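Each chain, written out:
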Amino acid sequence: MFWIVVGAALVVSGLAITAGAVRGARRDGSTGAHGLAIGVGAGIVLWGGIVLAVALALRN
């Protein structure tokens, strides 16, 4: 159950980081920092999805 919660939290936090960076890039004009934040958020979503999928597959 712990890893399911961790995976879900990673997905949600990654989506929040990515959405915030996209909104900031649209509002203020795109900078390298916005692109980096979008990449980091997408990476967190990816790893959270992997953790969540493995945890759900191995659940009893």
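The structure this text deals with has already been given above.
Residues numbered from 1 in each chain as written. Predicted model: local features only at pLDDT ≥ 70, side-chain atom pairs only at ≥ 80, totals over all residues. Heavy atoms only, no water.

### Considering the side chain of threonine 18
Selection criterion: Each helix corresponds to a stretch of at least 4 residues labelled H or I by DSSP, and each strand to a stretch of at least 2 residues labelled E; elements are numbered beginning at the N terminus. To sort residues, take the accessible area from a 1.4 Å probe on protein chains only and compare it with the maximum for the residue type: under 20% means buried, over 50% means exposed, and anything in between is partly exposed. Polar contact criterion, stated in full: a pair of N or O atoms within 3.5 Å, where within protein one must be able to donate a hydrogen and the other to accept it, and residues adjacent in sequence count only if both atoms are side-chain atoms. Note on definitions: a residue-residue contact is assigned when non-hydrogen atoms from the two residues lie within 4.5 Å.
Structurally, threonine 18 can be placed in helix α1 (residues 2-28). Given a relative accessible area of 17%, threonine 18 falls into the buried group. Polar contacts involving the side chain of threonine 18 include one to the main-chain carbonyl oxygen of glycine 14, which spans 2.9 Å. If we ignore the near neighbours within four places in the chain, the residues touching threonine 18 are Ile38, Gly41 and Ala42.

### Things to note about the pattern of salt bridges
Operational definition: Throughout this description, the term salt bridge denotes a Lys or Arg side-chain nitrogen within 4 Å of a carboxyl oxygen of Asp or Glu.
Scanning all chains against the criterion turns up one salt bridge. Notably, a salt bridge pairs aspartate 28 with arginine 27, separated by 3.6 Å at the nearest N-O pair. In this pair, the class of aspartate 28 matches that of arginine 27, namely exposed.

Interpretation note: all reported values are geometric properties and have no functional meaning in isolation.
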